[in-house]
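One-letter residues, chain by chain:
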Amino acid sequence: MKLKRIAGISLISMLVLSASSCGAKLKGSDTTKESSIAIASSSSLESSSTKSSSSISRATSSSSAKSSSTISSKEATSQASSSVASSSATASSAAASSATSSSKASQTAQASSSVASSSLISSSASSSAAPSIEESTIADLDSYVTSFMTSTTSYKPSWNQEGFKDRWNYIDGVFLTSIMNLYKSTNESKYLDFVKTFVNYYIDSDGNFVKPSGSDDSGYNSGELDSVCESRILFDLYKYTGDSRYQTAIETTYTELNKVTVTTNGYNYSHKNSYVNQIWLDGMYMYVPFLIQYANYKNDSTLKANIYNHLYNSYKYIRDNMFDENKKLYYHGHDTTKSIFWANTETGNSASFWLRSNGWLLVSMADCLDYLEDSDLKTLLTSMLEEALNGILDYQDSETKMFYQLVDQGNKTFTVPKSYLKKLGNSAYKVDGSYVDADIANYLESSGSAMISYACAKASIHLNNSSYKDKAIDIFNGIYSNKFNNNSLSDICITAGLGPESNTTRDGSAYYYLAEPVGSDDAKGTGPFIMAYVALTK
């Protein structure tokens, strides 16, 4: 028996945004957790699945839930396939499709009321020429952000669905960065207070990383790039509060970064010490924005020159070795020894073009350009950002303006062996309690699409080209129209990675990326979605 996941069926995730509602503990991560370039400086849930008696159909689009009156540039496009009209997934889609402009207006009015005293964006935001972000969208996003903030009281946040809830981690880092961006845009103290309170749960009064559980272990996972990600917000916290504990934590992070091993090329960091000689695109977002801010913070010309040189060579190596000149896309991973099981023995690259890995690289470059002084590094990243954006935009879905999980595969369907689904614990594809081979359609994925929207918004400034902002708005509106319903953002790939040798299921194949669980409201999607929102409406 084969199980089908049909692209275009609308299944609205009804995730309740509260700390207690997200108990899913999913293994692995984009930058699977477990690497020293001493930079010479003189000192370097899946939501509940719809089941029928013989099969399960999972959603990949919910565009029909939005009325065209609420989104200026996109009508709802996806409709339930007639081949599964009798399934409960189709029933959910039909119910969503029946939402009218008036019901949407009612939701908007409620959202507006709940945040009226501190609306994120002024009413002038929608006055610019089309494409634009509608006022109703702004009210929805105000409500969405507020729901996360008010539900996060136990410091086991609903946005973190991988189980890394007891230490400093990149998932929380992505979400907190989006809230810090809101503070910078609005100057609303509630955003800064939220970030400060959350961070102080993991950093004690002396600036030490701690585990809230009371364990004697450090709250900082050593030997990986992932942990560095959250530390980027420490610079802003120190700037806005003057609290010296953040200085201590910054220095600890820099010391830990230099414990990560460098690859055989002599420049790039290994993704982590347990993934030695492996370069993942994810890693460039995890550590580079922190490192550039550290160079600025220390204000040491020798240190800055060495950091810039290190990063120039790191990005240049990625461009020269991981960019496909024909596809104009980047491969997710690269092994400098060309010996790991998932790597091509001639190129060292992994097999597929995974959307979010390209997104991580794009946002790393876009953010770094905010902090860089004029230099060869800034020139390189400007050129790489433009090239990478132009390349990936060629794969944009013409109807939704979004992008597919497997960027270059369109809506192609793959028969995924049950062994992948079982190993990854993707219970959405169980039939009568057992895993079966499943026909899974490539799907429009929210997190990577949001990252591209955000990168385009930043590129419109860094490249001095307003057309990128138009693209950013189209993509953002497409995500909102197709994937945002009932205060929930759906179709987020919860996690993906490569290896290690003990887990050959994570082999970089199309089967693997489609077999990973898909859920709602994880920070890897919500964070970039909020970041794009702020960038486009401030």
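Per-chain numbering applies: the sequence of each chain, read as written, is numbered from 1 onward. Since the coordinates come from a predicted model, pLDDT governs what is reported: local features require at least 70, and pairs of side-chain atoms require 80 or more to be given and counted, while whole-chain, interface and lining totals use all residues. Only hydrogens and water are removed before side-chain values are computed, so all heavy atoms of the structure are retained for them.

> Before we go on, may I ask you to explain the overall build of the protein chain in this structure?
Numbered from the N terminus, helices here are DSSP runs of H or I no shorter than four residues, and strands are runs of E no shorter than two. The helix and strand inventory of the protein chain stands at 16 helices and 13 strands. Buried means the residue's accessible area, taken with a 1.4 Å probe over protein chains only, is under 20% of the maximum for its type, while exposed means over 50%, and partly exposed covers the values in between. Put simply, the protein chain has 538 residues, and 61% of those count as buried. Exposure was quantified through the Shrake-Rupley algorithm and a 1.4 Å probe, taking into account, for residues, occlusion by the shown protein chains and nothing else. In the form shown here, the protein chain has an accessible surface area of approximately 18,700 Å², with 45% of it arising from carbon and sulfur atoms.

> Where do I start with unusual backbone geometry in this structure?
Most peptide bonds are trans, and most residues other than glycine sit at a negative phi. The omega angle of the peptide bond from G499 to P500 is 5°, so this bond is cis rather than trans. Looking at the secondary structure, you find P500 in the loop between β12 (492–493) and α15 (510–515). Positive phi is not limited to glycine here, since N187 has a value of about 60°. Relative to the assigned elements, N187 resides in the loop between α4 (170–186) and α5 (189–200).

> Just checking my understanding: could you explain the nonpolar core for this structure?
One broad rule of soluble globular proteins: the nonpolar side chains tend to lie buried together. Counting residues in hydrophobic clusters, the biggest one holds 120 residues, and the most contacted among them are V199, Y287, Y315 and F529. Here this core gets 11 residues from one element, more than from any other, and that element is helix α8 (residues 281–298). The contact definition used throughout considers only heavy atoms, calling two residues in contact when any of these lie within 4.5 Å. Non-local contacts of Y315, meaning those with residues more than four positions away in its chain, are made with M284, V288, L361, S364, M365, C368, L377, L380, L381 and M384. L406, L424, Y435 and C493 belong to the second-largest nonpolar core, a separate cluster that totals 27 residues. We call a set of buried Ala, Val, Leu, Ile, Met, Phe, Trp, Tyr and Cys residues a nonpolar core when their side-chain atoms join them within 4.5 Å.

> What exactly am I supposed to notice about the environment of G391 here?
Looking at where G391 falls in the secondary structure, it is placed in helix α11 (residues 376–393). Along the backbone, G391 and K328 are 63 residues apart, and their C-alpha atoms lie at a distance of 4.8 Å.

> What is the right way to read the pattern of salt bridges from this model?
Between side chains of opposite charge, a pair can form as their charged atoms come close. Salt bridges are counted wherever a side-chain nitrogen of Lys or Arg sits within 4 Å of a carboxyl oxygen of Asp or Glu. Per the stated rule, a full pass over the model turns up 21 salt bridges. A salt bridge links E373 to K304; the nearest nitrogen and oxygen atoms lie 2.8 Å apart. A residue pair is termed long-range when its members are at least 10 positions apart, and E373 in the loop between α10 (355–371) and α11 and K304 in helix α9 (residues 301–322) qualify at 69 residues. Residue E373 is classed as partly exposed on the basis of its relative accessible area of 43%. Between D320 and K316 there is a salt bridge whose closest N-O contact spans 2.8 Å. One end of the pair is D320 and the other is K316, both in helix α9 and four residues apart, which spans about a single turn. Overall, the relative accessible area of 45% leaves D320 in the partly exposed class. What emerges from the salt-bridge pattern is a single network uniting R167, E224, D226 and K272.

> It is not clear to me how the side chain of E516 should be interpreted in this structure. Could you clarify?
Following the sequence through the fold, E516 ends up in the loop between α15 and β13 (518–519). Neither His nor the chain termini are counted; the positive set is Lys and Arg, and the negative set is Asp and Glu. Buried E516, no salt bridge; nearest opposite-charge side chain is R506, N-O distance 4.4 Å. Of note is the side chain of E516, whose polar atom sits 2.5 Å from the side chain of Y512. Apart from the residues lying within four places of it in its own chain, the contact partners of E516 are L424, N426, C493, T495, A496 and R506. Residues adjacent in sequence count toward polar contacts only when both atoms are side-chain atoms; beyond that, a polar contact is any pair of N or O atoms within 3.5 Å, and within protein one must be able to donate a hydrogen and the other to accept it.

> Explanation requested: the packing of α4 against helix α6 (residues 233–241) in the structure shown.
Pairs of packed helices are described in terms of their axes, by the angle between the two and the distance that separates them. Whenever a helix is involved, its axis is fitted only over the stretch in contact; in every case the axis is a line through C-alpha atoms, and angles between N-to-C directions fall within 0 to 180 degrees. At a minimum axis separation of 10 Å, α4 and α6 run at an interaxial angle of 35°. Remark: the crossing between α4 and α6 carries left-handed chirality. On α6, the residues touching L176, T177, M180, Y183 and K184 of α4 are I233, D236, L237 and Y240. In this count, Pro and Cys sit with the nonpolar residues alongside Ala, Val, Leu, Ile, Met, Phe, Trp and Tyr, while Asp, Glu, Lys and Arg are called charged and the others, Gly among them, polar. Grouping the amino acids of the contact of α4 with α6 by side-chain chemistry returns six nonpolar, one polar and two charged. Working rule for handedness: look at the near helix, and if it is turned counterclockwise from the far one by less than a right angle, call the crossing left-handed; if clockwise, right-handed.

> Mind showing me how you'd approach α11 here?
At 3.6 residues per turn, the α-helix brings residues three or four places apart onto the same side. For α11, with 18 residues, the first-to-last C-alpha span of 26 Å sits near the 26 Å given by 1.5 Å per residue. When we look at burial in α11, the residues that qualify are L377, L380, L381, M384, L385, A388, L389, G391, I392 and L393. Close packing links the buried residues of α11 with α9, β4 (329–330), α10, α13 (446–462) and α14 (467–483). An expected span of 1.5 Å times one less than the residue number is assigned to each helix.

> So what exactly am I meant to see when it comes to helix α3 (residues 135–151) here?
Across its 17 residues, α3 extends 25 Å between first and last C-alpha, which sits within 8% of the 24 Å expected from 1.5 Å per residue. With 14 of 17 residues buried, α3 lies mostly within the body of the structure.

> What's the story with the pairing of strand β6 (residues 413–416) in this structure? I'm lost.
The two faces of the sheet receive side chains in turn, since in a regular strand these alternate between them. Side chains F414 and V416 of β6 all project onto a buried face; the interleaved residues T413 and T415 project onto a face where none is buried. Pairing between two strands requires that DSSP report at least two bridges joining them. Taken together, the four bridges between β6 and strand β9 (residues 437–441) define a ladder with antiparallel strand orientation. Pairing of F414 across the sheet is with I440, part of β9.

> Looking at this structure, I do not really get the confidence of the model for the protein chain. What am I missing?
In low-pLDDT regions, the fine details of the predicted coordinates are not to be read closely. Looking at the protein chain as a whole, the pLDDT averages 81, with 75% of positions reaching at least 70. For the protein chain, helix α1 (residues 88–97) is the element with the lowest average pLDDT, namely 34, and β4 is the one with the highest, namely 99. Contacts for the low-pLDDT stretch residues 1–29, under 50 throughout, to residues beyond four places or in other chains number 119 contacts. Predictor confidence is given residue by residue as pLDDT, running from a minimum of 0 to a maximum of 100. Considering only residues more than four positions removed or in separate chains, one finds that residues 31–128, a stretch of pLDDT under 50, has 257 contacts.

> Looking at this model, I keep getting lost on the packing of aromatic side chains. Mind explaining?
Pairing of aromatic rings covers Phe, Tyr and the six-membered ring of Trp, with a centre-to-centre limit of 6.5 Å; geometry is then stacked below 30 degrees between planes, edge-to-face above 60, and tilted otherwise. For the structure on display, the rule yields 31 aromatic pairs. With a centroid separation of 6.2 Å and 65° between ring planes, the pair formed by W159 and F194 is classed as edge-to-face. Highlighted residues: W159 in the loop between α3 and α4 and F194 in helix α5, separated in sequence by 35 residues. With 5.1 Å between their ring centres and 80° between their planes, Y183 and Y240 make a pair best called edge-to-face. With Y183 in helix α4 and Y240 in helix α6, this residue pair connects regions lying 57 residues apart in the sequence.

> Is there a simple way to explain the environment of Y511 in this structure?
When you line up the elements, Y511 lands in helix α15. Sequence separation of Y511 and P417 is 94 residues, and the distance between their C-alpha atoms is 7.5 Å. Not counting chain neighbours up to four residues away, the residues in contact with Y511 comprise F414, T415, V416, P417 and Y420.

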